[in-house]
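The chain contents come next:
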Amino acid sequence: MSAESSNLSNIEHRAVIKYFVKKGKTPKEIFEDMVSVLQESAPSYTMVKKWARLFQQGQESCEDDPRPGRPVTVVTEENVRKIEKLVLTDRRIKLWQITEELQISKERVGEIIHEHMNMRKISARWVPKMLTPFDKQRRLQTSKDFLELVGDNIDVRPNCNRG
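These figures come from a predicted structure and were not determined experimentally.

1. Notes on a positive patch on the surface
A contiguous patch of positive charge, built from Arg 92, Lys 94, Lys 121 and Arg 125, is present on the exposed surface. Note that Arg 125 resides in strand β2 (residues 125–128).

Set out below in structure tokens:
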């Protein structure tokens, strides 16, 4: 069997385990057989034991049981837009303020800002992780405009000790 064809999904691994359990093989025999064929892509012995026990106890499905808890549904385009609007309006806004306003957990707000908006907090301000070419050009132009505005009136001495 080639290396490519030996990479089975978890469901396929479980189907093989189920087949061998129905044939009466022990978890150790199943594991050794799978390792001899699948090599590194074989499931761990612990997983083989777990699924063999479940199939011996009468489980028929190779799917995982649904896990408890709420699915992450707050990371929506609408919430990303709302958070983006709040952050762009006030770059010093705190996570807890966004959390209170939108009734979203602090973890999800952080995920949206960091992962979806690609921003991070620097010196109490939310800034893009990477400036876009447009942002770089805008900053350059703003700096040039400022230098043109002040012209030769730049005093490089510190403002202290002036009388």
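2. Observations regarding helix α2 (residues 27–38)
In an α-helix, one turn spans 3.6 residues; hence positions three or four apart end up facing the same way. When the terminal C-alpha atoms of α2 are compared, their 16 Å separation across 12 residues agrees well with the 16 Å that a helix rising 1.5 Å per residue should span. Within α2 the residues assigned to the buried category are Ile 30, Met 34 and Leu 38. Along the axis of α2, the buried positions cluster into a sector of 40°, meaning they face one direction only. Buried-residue contacts for α2 involve α1 (10–22) and α3 (45–56).

3. A look at the nonpolar core
Note on soluble globular proteins: their nonpolar side chains tend to be buried together. Residues Ile 83, Val 87, Ile 98, Val 109, Ile 113, Met 117 and Trp 126 are the most contacted members of the largest nonpolar core, which totals 16 residues. Of all the secondary structure elements, the ones that give two or more residues to this core are α4 (77–89), α5 (95–102) and α6 (106–116). With 4 residues, the top contributor of residues to this core is α4. When sequence neighbours within four positions are dropped, the list of residues in contact with Val 87 reads Ile 93, Ile 98, Ile 113, Met 117, Met 119 and Trp 126. In this structure, Ile 17, Val 21, Ala 42 and Cys 62 belong to the second largest nonpolar core, which totals 13 residues.

Each value, and the rule that gives it
Residues numbered from 1 in each chain as written. Predicted model: local features only at pLDDT ≥ 70, side-chain atom pairs only at ≥ 80, totals over all residues. Heavy atoms only, no water. Patch = residues over 30% accessible without salt bridge, like charges linked within 9 Å, V, L, I, M, F, W, Y side chains within 5 Å. Areas by Shrake-Rupley, 256 points an atom, 1.4 Å probe, with all protein chains shown as cover. Salt bridge = Lys/Arg side-chain N within 4 Å of Asp/Glu carboxyl O. Lys, Arg positive; Asp, Glu negative; His and termini not counted. Charge placed at Lys NZ, Arg CZ, Asp CG, Glu CD. Helix = DSSP H or I, 4+ residues; strand = E, 2+ residues; numbered from the N terminus. Expected span 1.5 Å × (residues − 1). Buried < 20%, exposed > 50% of the residue type's maximum accessible area, 1.4 Å probe, protein only. Arc of directions from axis to C-beta. Contact = heavy atoms within 4.5 Å. Core = buried A, V, L, I, M, F, W, Y, C linked by side-chain atoms within 4.5 Å.

So far we have only geometry, and geometry alone does not tell us how the molecule works.
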